There are 2 protein chains.
Amino acid sequence: MSEINVIPPRSGTAFRLPRGSYLTVIDTEGEQVSDLVAFNALDNREAISSGRSLDYASKLQLSTDDLIYSNRSNVMLRIVKETFEIIYKDDHPHRGCFGNLEAALAPFGIGSDQIPVAFNCFMNVVIQPETSAFTVQPPTSRSGDFIRFRAEMDLIIGLTACSALQSNNFAFKPIGYRID
Amino acid sequence: MSEINVIPPRSGTAFRLPRGSYLTVIDTEGEQVSDLVAFNALDNREAISSGRSLDYASKLQLSTDDLIYSNRSNVMLRIVKETFEIIYKDDHPHRGCFGNLEAALAPFGIGSDQIPVAFNCFMNVVIQPETSAFTVQPPTSRSGDFIRFRAEMDLIIGLTACSALQSNNFAFKPIGYRID
């Protein structure tokens, strides 16, 4: 099994993920959110689209076997396994996460204006159906919980250990990831 | 009062909207959805962001006095009045709407990859809180219902009379708009 890479608390990274490979995002200590964005490695104007992904799935919560689409309606990632309930809330990369993604993606020629709405791994968003108001609650993920994705095209991935206080139950922890 | 422009059924348009002016989108016949996108007229890499707008408002349904933010967190539009309940669902410009926006925005130098998640005027989205599944129901808007926006920067607006069957209760009608 390949090694687990560690993203230190309140930071981010970016890397290539070839088509057919698997990315496992791991909440190593529990209650830690990770923001994920993805770009076509051959044309970074193509990026993940929360709008299309949620619309095609007809739900706000994506889970095992669901697909993450690009702004050109191509499948970029497939969720092959997840050990808990996740929400792909329509959220932007949060405060510090945006700057961390910006710095990590710059060497790939991806500018800040291109950073799309992120896929929020392990984020716990509760929606009040009457008012549509939502709140970000402490994550329910525990140490070792993970989401495993399959790359459906050659990708550049941006990934963070989220630095929003409320999203992480007011403690900042690392995020692990593995590529195989 | 300025004239009402008409967007014919299943089509779209684009136009400049100077800062400080008002745009009123009118459902002239009732039960007709309109997709709205907006770009900074001076730098079209800046566009409306559903993620930021919903996150800053902490709700999925925007209404009077709510703000629509850009991907740079600047206020682009302010909702100054709306005559019914609206939802800014995290939806992409739907099927035919995307092509209509693409054609309307091309003369402004805006390419298809730049078209963001749209603001869905008059769309009626019902979310099941238990499963997060959502369905698009017939609009509840009636003839003459409107949403009035104030431009908070110089904008290019793309606007459609939506051509998704289910979003419009299986009938295609025009959309009116007025600038003052």
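Conventions adopted
- Residues numbered from 1 in each chain as written.
- Chains lettered and ligands numbered in written order.
- Predicted model: local features only at pLDDT ≥ 70, side-chain atom pairs only at ≥ 80, totals over all residues.
- Heavy atoms only, no water.
- Helix = DSSP H or I, 4+ residues; strand = E, 2+ residues; numbered from the N terminus.
- Pairing = 2+ DSSP bridges.
- Axes fitted to C-alpha atoms, helices over the stretch in contact; angles between N-to-C directions.
- Buried < 20%, exposed > 50% of the residue type's maximum accessible area, 1.4 Å probe, protein only.

**Q** What's the story with unusual backbone geometry in this structure? I'm lost.
**A** With the exception of glycine, the majority of residues adopt a negative phi angle, and the majority of peptide bonds are in the trans configuration. At glutamate 31 of chain A, a position not held by glycine, the phi torsion is positive, near 60 degrees. By secondary structure assignment, the location of glutamate 31 of chain A is in the loop between strand E3 (22-27) and strand E4 (34-40).

**Q** Could you clarify how one ought to interpret the sheet that holds strand E1 (residues 5-7) of chain B in this entry?
**A** By way of backbone hydrogen bonds, the strands of a sheet pair with one another, either parallel or antiparallel. All names here are of chain B. Pairing in this open sheet of six strands is antiparallel, and the strands run E1-E12-E3-E10-E6-E5 from one edge to the other. In the strand order of this sheet, the two ends are held by E1 and strand E5 (67-69), each with one partner. Pairs of neighbouring strands in the sheet enclose a mean axial angle of 25 degrees, with direction left out of account. Across four bridges, the pairing between strand E3 (residues 22-27) and strand E12 (residues 175-179) is antiparallel. Paired with valine 25 across the strands is tyrosine 177, a residue of E12.

**Q** Where do I start with helix H1 (residues 50-57) of chain B in this structure?
**A** One turn of an α-helix holds 3.6 residues; hence residues three or four places apart share an orientation. Residue and element names in this part refer to chain B. Within H1, six of the eight residues are buried, which leaves it mostly tucked inside the rest of the structure. Of all the residues in H1, the buried ones are Ser50, Gly51, Arg52, Ser53, Leu54 and Asp55. Serine 58, located one to two residues past H1, shows a positive phi value of around 55 degrees.

**Q** Can you walk me through the pairing of strand E9 (residues 134-137) of chain B in this structure?
**A** Each regular strand displays side chains that alternate between the two surfaces of the sheet. Residues and elements named next belong to chain B. Burial along E9 is one-sided: the face carrying Phe134 and Val136 is buried and the face carrying Thr135 and Gln137 is not. Strand direction decides the pairing type here: strand E8 (residues 124-127) and E9, joined by four bridges, are antiparallel. By the bridge assignment for E9, asparagine 124 is matched with glutamine 137. Taking the residues between adjacent antiparallel strands as the criterion, E8 and E9 are bridged by six residues, where serine 132 takes a positive phi near 70 degrees.

**Q** How do you make sense of the sheet that holds strand E2 (residues 12-17) of chain B when you look at a structure like this?
**A** Residues and elements named next belong to chain B. Strand order in the open sheet made by the four strands is E2-E11-E4-E7, with antiparallel pairing throughout. Edge strands, defined here as strands with exactly one partner in the open sheet, are E2 and strand E7 (119-121). Each adjacent strand pair in this sheet contributes to an overall mean axis angle of 25 degrees, direction not counted.

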